[in-house]
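# Working through the structure, step by step
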Amino acid sequence: NVGKFQDLQRTLINQLDDCITSIDICLDFLAVGCLDDKVFVWYDIYLFRENKLPSFVKEARFSNSGASMGVIDLAFNKKATRLAVSYLDSTIKVY
């Protein structure tokens, strides 16, 4: 499944390379963390149509209201049911 995200990943890196701090790919998901504390998640449209999206996709835009310095790292668990995000202000959130 990583292959289907390669073009998207190249596009993201070309357009957002100044602000991307981390990228993780797991199963049918691609997540990108940015310096402005935003997290973007892309997923296979089949999951949306079948109403099989994990809870982290349904969370409100992953904004960290306490963070002021951006995302340091992010990672999916092995089954892609959770997404952990760490911020420069030492906050860690699990969605």
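Residues numbered from 1 in each chain as written. Predicted model: local features only at pLDDT ≥ 70, side-chain atom pairs only at ≥ 80, totals over all residues. Heavy atoms only, no water.

## Focus on the overall build of the chain
What the chain contains, in helices and strands, is three helices and six strands. Looking at the chain as a whole, 36% of its 95 residues are labelled buried. Counted over contacts in the chain with a minimum sequence separation of 6, partners at least 24 positions apart contribute 42%. Entry remark: accessible area of the chain is about 5900 Å², with carbon and sulfur atoms responsible for 50%. (Helix = DSSP H or I, 4+ residues; strand = E, 2+ residues; numbered from the N terminus. Buried < 20%, exposed > 50% of the residue type's maximum accessible area, 1.4 Å probe, protein only. Contact = heavy atoms within 4.5 Å. Areas by Shrake-Rupley, 256 points an atom, 1.4 Å probe, with all protein chains shown as cover.)

## What about the packing of aromatic side chains?
Per the counting criterion, the structure on display carries two aromatic pairs. Taking 5.9 Å as the distance between ring centres and 40° as the angle between the ring planes, the aromatic pair formed by Phe 29 and Phe 76 counts as tilted. With Phe 29 in strand β2 (residues 29–34) and Phe 76 in strand β4 (residues 71–76), the pair connects residues that are 47 residues apart, well separated along the chain. Here Phe 29 and Phe 76 have matching classes, each one buried. (Phe/Tyr/Trp six-rings, centres within 6.5 Å; stacked < 30°, edge-to-face > 60°.)

## Re the pairing of strand β5 (residues 83–87)
Walk down a regular strand and you will see the side chains alternate between the two sheet faces. Counting buried positions along β5 yields four of five residues, so the element is predominantly enclosed. Looking at chain direction, β4 and β5 are connected through five bridges and run antiparallel. Note on β5: the bridge partner recorded for Leu 74 is Val 85. Once β4 ends, the chain turns through six residues before running back antiparallel as β5, passing Ala 80 with a positive phi of about 60°. Summarising the sheet, β5 and strand β6 (residues 92–94) pair through three bridges and their orientation is antiparallel. From the neighbouring strand, Ala 84 faces β6, where its bridge partner is Val 94. (Pairing = 2+ DSSP bridges.)

## Focus: the sheet that holds β6
Read across the sheet, three strands follow the order β4-β5-β6 without closing on themselves; strand pairing throughout is antiparallel. Here the strands that pair on one side only, and so sit at the sheet edges, are β4 and β6. Adjacent strand axes in the sheet meet at a mean angle of 15° when their direction is disregarded. (Axes fitted to C-alpha atoms, helices over the stretch in contact; angles between N-to-C directions.)

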